[in-house]
Amino acid sequence: YPLFQRGGPQLRIFRPNFFMLAVRPGVPQPEDTVQFRVSMEMTKLDIRNYLERIYNVPVAAVRTRIQYGANNKRNHRNQRVKKPDYKVAYVQLGQGQTFQFPNLFPEKEQDSETRSFDDFRDKYMEKEKQKQEGDPRRGGVPDWFGL
Amino acid sequence: MAALGARRLLRPGQRCFSETVPGAPSPPASPVYPPVVASITAKSKAAKSQRLQRFNQRVHAAATVEEKLRLYGKLQRPKYTVYPQTFALNADRWYRSFTKTVLVPGMPPRAAAAKPPIAAAGTTPEAGRAPEPGAEAPRAAQAPGAEEVSKTPESMAGAAPYLDMGELRSLACDALLQESFFQNKKRPFLYRDQDHTPGPFLTQLVSTLAAFLAGLNPLLAASSLDLNPEVNYYWHHGEEVVVHGHRKGRVDPVRFQINDNPRLQIRVPKQLPEVVPLESDLGDVPVIEHKPSKLPLFKKQYENKVFIGSKVADPCCYGHTQFHLLPDKLKRERFIRERLEDQIEVVYRSNGIASLFAWTAAQAMYQGFWSEADVTRPFVSQAVVTDGKYFAFFCYQLNTLALTAETIKNNPRKNICWGTDSKPLYDIVEDGNVKGFNDEVLLQLVRFLLNRPKEL
């Protein structure tokens, strides 16, 4: 960012090139806290203004930390492969709002068609497997084995 | 060899008796072998509980209070530092869950009933003010001729007014005007607003009021006024599993430490009377399942100190009133600018609860109580939290110190904190006049200072 000197214009960013990714917290967070992965260059003020101006989300407090990506994995040439660093922001919502990260992969209720299709498919696979196997009286021994 | 051959070979099943006749065995006076208990050094839960029990016995058996405190805070481990003056959102709910405190809005009922009556005089100070030392209960019927100088007696019908509001108001206004108007001060440095005017005003106000009311309250005459003292307390509450490090996977108690610096503090040799009985239940304690680090609260390892403002041997070992000044970071204007108006009161409440819990619990530890030896009488203290203009009053009763994971299981007692909202003492200071002076706030302050045990 350009350096601010007294008397100069306030920095204004229109159409920022930042992206914020809401993620599911790894450890349980309080109800009013949302966890984001943000660009490394964003500051707490940036995050607050971004959410308030663009998305109209009331923000009470923002805390950030930088997660160091490990450099221990090795590729096929024994060179170290680094996982990228990223900044995590914990945003506490104002006006008593709460947020719960949604379940993105819910169990779908199967209707009768898909259920019967699944049963048919399972039975067919069973029949195919039994055809592949030999005589059960031979105890798993292949049929080319013998006198 | 001959001796060997002389001894008859024993067949299996036979026993070789010695020379002495086996009579009835005498009952042993004390057990010959030590009691069979779990080992101390094994890596098992029984061994851990055995070590804890031995530690508890050592602390119980300590001769002096200093020795008890030394053993209590001997083991240093990373602990959460709890700051009474914090900008964290909804901190008072978290602090109430850490200290098992119930928050009751308003002042305790005794503050309204058994206080000495105050004359609601006009702005002219009365000349014939008659202080009556020692008398505290309001007298029912008073001869009206005795107080020819009083204009309008207070709510107690016909009681004797012996406290002059005008005098007190003039004291307060003098202190305020001296600090903000008459004294020529330069502009305050950045973020030093509170040390510039409200700090000296508070100190001056409290010292003059305490000296003025010492004639009415003999407890104040024997009290000790500390300037910028230190109050520390260390305690365990709840359990957690260690996450990183060589102790990973072990179950540890969650440790907390409060290091507080109130602006002023009054310590007295006699304890304030209890407000409600020890086992009373006035509300619910909030239960928060998240870890304290989500507040946010951070861990550090340093000395586990328990201190009330003076060492154990000091005769003024009980607390009376604390006065806290909020720092510049927690100004009202800042919260309003960030649209967090509901957090203004949270700041006052969290400061009152945390500071008073630390002070009363440290007083209880100075008397020899701790989490395994719970208090037998409640410890009561008061506090005034202010930012120079707005005053909030708190009264705390400590009923229990047992907050560790084992001792909290069968403990129905809760600590109680009464607290008011913040009210302004004055509206504005202009041209040598204090506009909009609020008598209620001054009255409450005076009531706080006049609080004393029944027998005095």
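Everything below is about the structure printed above this text.
We now turn to the structure provided with this report. Please read these numbers as outputs of a predicted model, since none were measured by experiment.

### A few points about the overall build of chain A
A tally of regular secondary structure across chain A gives two helices and six strands. Starting at the N terminus and ending at the C terminus, chain A contains elements arranged as β-β-α-β-β-β-β-α. Relative to the 2.2 N^0.38 estimate, which gives 15 Å for 147 residues, the radius of gyration of chain A is 29 Å and therefore markedly larger than a compact globule would have. Split into buried and exposed, the 147 residues of chain A put 24% on the buried side. If you take every contact in chain A between residues at least 6 apart in sequence, the share linking residues at least 24 apart comes to 52%. If you sum the accessible surface of chain A, you get close to 12900 Å²; carbon and sulfur atoms cover 53% of it. Averaging the positions of the 26 positive and the 18 negative side-chain charges in chain A gives two centres separated by 14 Å.

### Some details on the overall build of chain B
From N to C terminus, chain B includes twelve helices and 14 strands. Across the 456 residues that make up chain B, the buried fraction comes to 48%. Taking the intrachain contacts of chain B between residues at least 6 apart in sequence as the baseline, contacts between residues at least 24 apart amount to 78%. Accessible area for chain B stands at about 24000 Å²; split by element, carbon and sulfur atoms hold 56% of it.

### Let's talk about the state of the cysteines
What makes a disulfide is a covalent bond joining the sulfur atoms belonging to two cysteines. Residue and element names in this part refer to chain B. Counted under the stated rule, the structure contains zero disulfides over all chains. Among the cysteines around Cys316, which has no disulfide bond, Cys317 carries the closest sulfur, lying 7.8 Å off. When its relative accessible area of 8% is taken as the criterion, Cys316 is described as buried.

### Remarks on the interface of chain A and chain B
Residue-level contacts link ten residues of chain A with eight residues of chain B. Carbon and sulfur atoms supply 54% of the area buried between chain A and chain B, which totals about 810 Å² over both sides. Summed over the three residues of chain A that lose the most area to chain B, namely Pro30(A), Ala60(A) and Arg63(A), the buried surface amounts to 44% of that side. For the pair chain A and chain B, the interface holds one salt bridge. As a salt-bridge pair, Glu52(A) and Arg339(B) come within 3.8 Å of each other at their nearest N and O atoms. If you look at where chain A meets chain B, you find one residue pair in polar contact (both at pLDDT 80 or more). No other element matches strand β3 (residues 59-67) of chain A, which puts three residues into the side of chain A that touches chain B. Here the side of chain A that touches chain B is composed, by residue class, of five nonpolar, two polar and three charged.

### Side note on the sheet that holds strand β1 (residues 20-23) of chain A
Whenever strands of a sheet pair, they do so through backbone hydrogen bonds, lying parallel or antiparallel. All names here are of chain A. What the four strands build is an open sheet, ordered β1-β2-β6-β3; its pairing is antiparallel. Each edge of the sheet is formed by a strand with only one pairing partner; in this case those strands are β1 and β3. Adjacent strand axes in the sheet meet at a mean angle of 30° when their direction is disregarded. Of the pairings in the sheet, the one linking strand β2 (residues 33-38) to strand β6 (residues 86-93) comprises six bridges and is antiparallel in character. Its bridge partner being in β6, Thr33 is matched across the sheet by Gln92. The sheet contacts of helix α1 (residues 44-55) involve β1, β2, β3 and β6, and relative to β3 the element is tilted by about 130°.

### Considerations on the pattern of salt bridges
For side chains of opposite charge, pairing can occur when their charged atoms come near one another. Residue and element names in this part refer to chain B. Under the defined criterion, the tally for this structure stands at 23 salt bridges over all chains. Arg263 is the partner of Asp195 in a salt bridge, and the nearest nitrogen-oxygen pair spans 3.4 Å. On the criterion of sequence distance, the pair formed by Asp195 in helix α7 (residues 193-196) and Arg263 in the loop between β5 (251-260) and β6 (264-268) is long-range, its members being 68 residues apart. Using a relative accessible area of 26% as the deciding quantity, one classes Arg263 as partly exposed.

### Considerations on unusual backbone geometry
Residue and element names in this part refer to chain B. A cis amide bond links Leu295 with the next residue in sequence, Pro296, at an omega value of 15°. Even without glycine at this site, Asn90 takes up a positive phi of about 50°. Take Asn90: it is sitting in the loop between β1 (79-82) and α4 (91-99). In this structure, Tyr191 is a non-glycine residue whose phi angle is positive, near 60°.

### Brief notes about the packing of helix α2 (residues 45-60) of chain B against helix α3 (residues 65-72) of chain B
Residue and element names in this part refer to chain B. α3 packs onto α2 with a crossing angle of 155° between their chain directions and a minimal axis gap of 9 Å. Taken as axis vectors, α2 and α3 run roughly antiparallel relative to one another. Within the contact between the two elements, α2 uses Phe55, Arg58, Val59 and His60 and α3 uses Lys68, Leu71 and Tyr72. Looking at the contact of α2 with α3, its residues break down into four nonpolar, one polar and two charged.

### Thoughts on the packing of helix α6 (residues 165-182) of chain B against helix α8 (residues 198-213) of chain B
All names here are of chain B. At a minimum axis distance of 9 Å, the contact between α6 and α8 shows a crossing angle of 155°. Here α6 lies roughly antiparallel to α8, going by the angle between them. The handedness of the crossing between α6 and α8 is right-handed. When α6 is examined against α8, the residues Glu167, Leu168, Leu171, Ala172, Ala175, Leu176 and Glu179 are found in contact with a partner set consisting of Pro200, Phe201, Gln204, Leu205, Thr208, Leu209 and Phe212.

### Topic: a nonpolar patch on the surface
On the surface, a cluster of nonpolar side chains totalling about 320 Å² of accessible area is made up of Tyr1(A), Leu11(A) and Ile13(A). Within the element layout of this structure, Ile13(A) appears in the segment before β1.

### Structural notes on α1(A)
Residues and elements named next belong to chain A. The first and last C-alpha atoms of α1 sit 16 Å apart over twelve residues, in line with the 16 Å expected at 1.5 Å per residue. When we look at burial in α1, the residues that qualify are Asp46, Ile47, Arg48, Tyr50, Leu51 and Glu52. Considering only its buried residues, α1 is in contact with β1, β2, β3 and β6. Positive phi appears at Asn56, one or two residues downstream of α1, with a value of about 55°.

### What about the side chain of Thr386(B)?
All names here are of chain B. By the element assignment, Thr386 lies in strand β9 (residues 379-386). Exposure remark for Thr386: the relative accessible area of 1% places this residue in the buried category. In contact with Thr386, other than residues within four places in its own chain, are Leu202, His324, Leu325, Leu326, Tyr348 and Phe391.

Rules used in this analysis
Residues numbered from 1 in each chain as written. Chains lettered and ligands numbered in written order. Predicted model: local features only at pLDDT ≥ 70, side-chain atom pairs only at ≥ 80, totals over all residues. Heavy atoms only, no water. Helix = DSSP H or I, 4+ residues; strand = E, 2+ residues; numbered from the N terminus. Rg over C-alpha atoms; globule rule 2.2 N^0.38 Å. Buried < 20%, exposed > 50% of the residue type's maximum accessible area, 1.4 Å probe, protein only. Contact = heavy atoms within 4.5 Å. Areas by Shrake-Rupley, 256 points an atom, 1.4 Å probe, with all protein chains shown as cover. Lys, Arg positive; Asp, Glu negative; His and termini not counted. Charge placed at Lys NZ, Arg CZ, Asp CG, Glu CD. Disulfide = S-S within 2.5 Å. Buried area = accessible area lost by both parts, 1.4 Å probe. Salt bridge = Lys/Arg side-chain N within 4 Å of Asp/Glu carboxyl O. Polar contact = N/O pair within 3.5 Å; in protein donor to acceptor, adjacent residues only side chain to side chain. Nonpolar A, V, L, I, M, F, W, Y, C, P; charged D, E, K, R; others polar. Pairing = 2+ DSSP bridges. Axes fitted to C-alpha atoms, helices over the stretch in contact; angles between N-to-C directions. Parallel < 35°, antiparallel > 145°, perpendicular 65-115°, else oblique. Left-handed = near helix turned anticlockwise from the far one by under 90°. Patch = residues over 30% accessible without salt bridge, like charges linked within 9 Å, V, L, I, M, F, W, Y side chains within 5 Å. Expected span 1.5 Å × (residues − 1).

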